[in-house]
Structures are given as structure tokens and as C-alpha cells.
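Coordinate analysis (summary)
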Amino acid sequence: MPPFRLVASDIDGTLIRADGKLSPRTIEVLDQLYSRGVPTVLVTGRPVRWLRQLYDQMVEPLPAVCANGAVVYDPETDEILHAAPLSVDLLLDVVKQLREAVPDIALAIEVENGRSFWHEESWPLHWDSAHKEVRVLASHEELTSVPAVKLLARSASYGPDEFAELVSSTLGGLAEATHSSSSALVEISAAGVTKAAGLAWLCEREGFTAEDVVAFGDMPNDLPLLAWAGRSVAMGNAHPAVREVADEVTLTNDEDGVAVYLEKVFDL
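Cut-off values and rules
- Residues numbered from 1 in each chain as written.
- Predicted model: local features only at pLDDT ≥ 70, side-chain atom pairs only at ≥ 80, totals over all residues.
- Heavy atoms only, no water.
- Helix = DSSP H or I, 4+ residues; strand = E, 2+ residues; numbered from the N terminus.
- Buried < 20%, exposed > 50% of the residue type's maximum accessible area, 1.4 Å probe, protein only.
- Contact = heavy atoms within 4.5 Å.
- Areas by Shrake-Rupley, 256 points an atom, 1.4 Å probe, with all protein chains shown as cover.
- Pairing = 2+ DSSP bridges.
- Axes fitted to C-alpha atoms, helices over the stretch in contact; angles between N-to-C directions.
- Core = buried A, V, L, I, M, F, W, Y, C linked by side-chain atoms within 4.5 Å.
- Phe/Tyr/Trp six-rings, centres within 6.5 Å; stacked < 30°, edge-to-face > 60°.
- Salt bridge = Lys/Arg side-chain N within 4 Å of Asp/Glu carboxyl O.

Let's talk about the overall build of the protein
Looking only at helices and strands, one finds nine helices and 14 strands in the protein. Principal-axis analysis of the C-alpha atoms gives the protein an extent of 55 × 40 × 35 Å. Within the protein, buried positions represent 50% of all 268 residues. The long-range share in the protein, meaning contacts at least 24 apart out of those at least 6 apart in sequence, stands at 58%. Total accessible area on the protein is roughly 11,600 Å²; 50% of this is exposed by carbon and sulfur atoms.

Spelled out as C-alpha cells, the structure:
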């Protein structure tokens, strides 16, 4: 029997290389696990709409826990199995506190379970450049008018870790705040919504426990996932906080660290 019954992996900085591609080696390992009946789940901060570019590189699309745990997605049916958005009331409260604490803050939200993106005029548009139909320019009032699976906040006045700490301390336990970017970008979810919570929901549905799971990650938004899984593996390129809590450290994403680890553990 293999030592683990389910593989959970972050995408960016973990499963894919810096160029955004899956290596042939990683594709082969994922296909072998699929053939053996070992489920693999993508556990990512990405919205649902950003999965297609990855699925196009795979032999078989994999189920995904998206938006840092707020959305559980089945690619076979294009169905949202579970969603845990920030309510309008919570958004109003969170946004009010953030605007008071960070004068230059720019905000955006993931709506329609991550199929659309609403942003303020001050938001820098680096994403979805090829999919302008998903982007909506919204007023301050509109940004808090609908539930959102993720609230995103940027500031030009802070470094990444510093800004994440400021947002976390400002919100206290009101909402979950984390980050996975090299810039001052913080990702905010409803209280209790993390990658660990999203994967735990899916595992309970499918009959798996935390001890069945080996998980891979590289950034602070992966910390709850790695703390929850039976075995946690940090990438060689991981944030220091991730390397500190992980059970093991593998090679970097550009060295196919996930594939190398899985080949050894599952004797592929």
C-alpha cells in the first residue's frame, strides 16, 4: 500500500515552473498517479477561470480547491461543489477597516465563484489581459454590493510581509488574511476559510482524512494546508515561513520538486 492516499498540491511556485508550464516529468507523474487511482487535488489561490491554462497541459483535469479554500471545483462537470464567500455585511466591515488603516489601499473582488473579477479604478491590471470580459470596473459602493469568494488588497507603501502583517492585525479575527505574491498583495477570505478548510471539506466528502494526505506548497497561503496534512512538503524555493513548518523540503519548482518527491514516495 502507498504511504498516502491523496496528493494535494499548490500550483504557482510549486507544481508548475516559473514559466507557467508543467514539465513533461510532472505531467507523467500526475498521469501515473491517476492510472493507479491515487487522487491529486490542486489547492490554489487561483480563481476557477485561471485553471484552463493548466488543464490544457494535463492528460486528465484535476479537481481543485480554489481561492484559498473558498471554492471547490469539479472540472469534469464544470460544477462548483462548495463555496464559502465573504458576505456583503462582512465585506462592508472589512473594507471600512482597511480603508481607515491604509490610505493608499486599492481593492478588488473575485465574484461569481471566481468566474469574474471586479476592481477599483486604482487597481493595477496585470491579470486577465486576454480575458477582458471577466473584468469589471467597479465603484467603491459596488465592491461591497455582492458576496465575494476573495477580497484582494494592494498598497504601494509596504513590502509583502509587512503589508500582510498590517492587514492581519487590522482585521484581527474578522476575516482570514494571507499572501502568496512577491508584491504587497493580500488575499482576504471569510473567517475560517483557508486552503486546509477547503481541502478538508472535499476529503470528508470523498472519504479521506488528513493523515491520508501529502501536501506541497511554497507561500504563506499554504501554511494552513501544510499544517493540516499528514505529511507536509515545502518547495526548495519556498518562503522561509513555509520551510520552517514543513515536515520535509524538496527541490525547487524549476527542478520538478513535486515530481521528484512523488516518484520516490510512490515508487514511480
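Considering the sheet that holds strand β4 (residues 71-74)
If you trace the eight strands from one edge of the open sheet to the other, you get β5-β4-β3-β2-β1-β12-β13-β14, paired in mixed fashion. Each edge of the open sheet carries a strand with a single partner, namely β5 (79-83) and β14 (248-249). Two elements, strand β12 (residues 213-217) and strand β13 (residues 231-234), share four bridges in a ladder whose sense is parallel. Residue V214 lies in a different strand from β13, and its bridge partner there is R231. In the packing of helix α9 (residues 257-265) onto the sheet, contacts are made with β1 (6-9), β12, β13 and β14, and the angle to β12 comes to roughly 160 degrees.

Topic: the environment of Y158
Looking at the secondary structure, you find Y158 in the loop between β9 (150-154) and α5 (160-171). On the accessibility criterion, Y158 (28% relative accessible area) is partly exposed. In this structure the C-alpha to C-alpha distance between Y158 and D10, which are 148 residues apart in sequence, comes to 26 Å. With near-sequence residues (within four places) excluded, Y158 lies in contact with V102, F163, L166 and A184.

Considering the nonpolar core
Core analysis: the largest hydrophobic core is formed by 79 residues, its most contacted members being L42, M58, L98, L151, I188 and L199. In terms of residue count, the dominant contributor to this core is helix α4 (residues 88-101) (five residues). Setting aside chain neighbours within four positions, we find L151 in contact with L86, L91, V94, V95, L98, L107, A108, I109, V186, E187 and I188. In terms of nonpolar packing, the next biggest core, distinct from the first, is built from six residues, A108, F117, W123 and L152 among them.

Some details on the packing of aromatic side chains
The full count for this structure, using the stated rule, is three aromatic pairs. Taken together, a centroid distance of 6.1 Å and an interplanar angle of 65 degrees make the contact between F117 and W123 edge-to-face. On the accessibility criterion, W123 (3% relative accessible area) is buried. Taken together, a centroid distance of 5.9 Å and an interplanar angle of 20 degrees make the contact between Y158 and F163 stacked.

Side note on the pattern of salt bridges
Considering all chains together, one arrives at 14 salt bridges under this definition. Residue D10 is joined to K195 by a salt bridge in which the shortest nitrogen-to-oxygen separation is 3.0 Å. With a gap of 185 residues between them, D10 in the loop between β1 and α1 (11-15) and K195 in helix α6 (residues 195-206) connect regions that are remote in the sequence. A single burial state applies to D10 and to K195, both of which are buried. The shortest N-O distance in the salt bridge between R231 and E248 comes to 3.5 Å. Of this pair, R231 sits in strand β13 while E248 is found in strand β14, placing the two residues 17 residues apart along the sequence. With relative accessibility at 29%, the residue R231 sits in the partly exposed group. A relative accessible area of 32% places E248 in the partly exposed class. Shared partners join several salt bridges into a network, and the residues in it are D10, K195 and D222.

Examining unusual backbone geometry
For residues that are not glycine, phi is negative in most cases, and the peptide bond is trans in most cases. Non-glycine residue A67 carries a positive phi angle of around 50 degrees. On the secondary structure map, A67 appears in the loop between β3 (64-66) and β4. One non-glycine residue with positive phi stands out, namely D256, at about 60 degrees. Within the element layout of this structure, D256 appears in the loop between β14 and α9. We classify D256 as buried; its relative accessible area is 8%.

Remarks on the pairing of strand β11 (residues 185-190)
Within β11, six of the six residues are buried, which leaves the element mostly enclosed by the surrounding structure. Inspection of the sheet shows β9 paired to β11 by four bridges, in the antiparallel sense. For A153, the partnering residue across the bridge sits in β11 and is V186. With four bridges connecting them, strand β10 (residues 175-178) and β11 associate as antiparallel partners. The residue bridging T178 from the neighbouring strand is E187, located in β11. Between β10 and β11, which pair antiparallel and follow one another directly, the connecting turn spans six residues.

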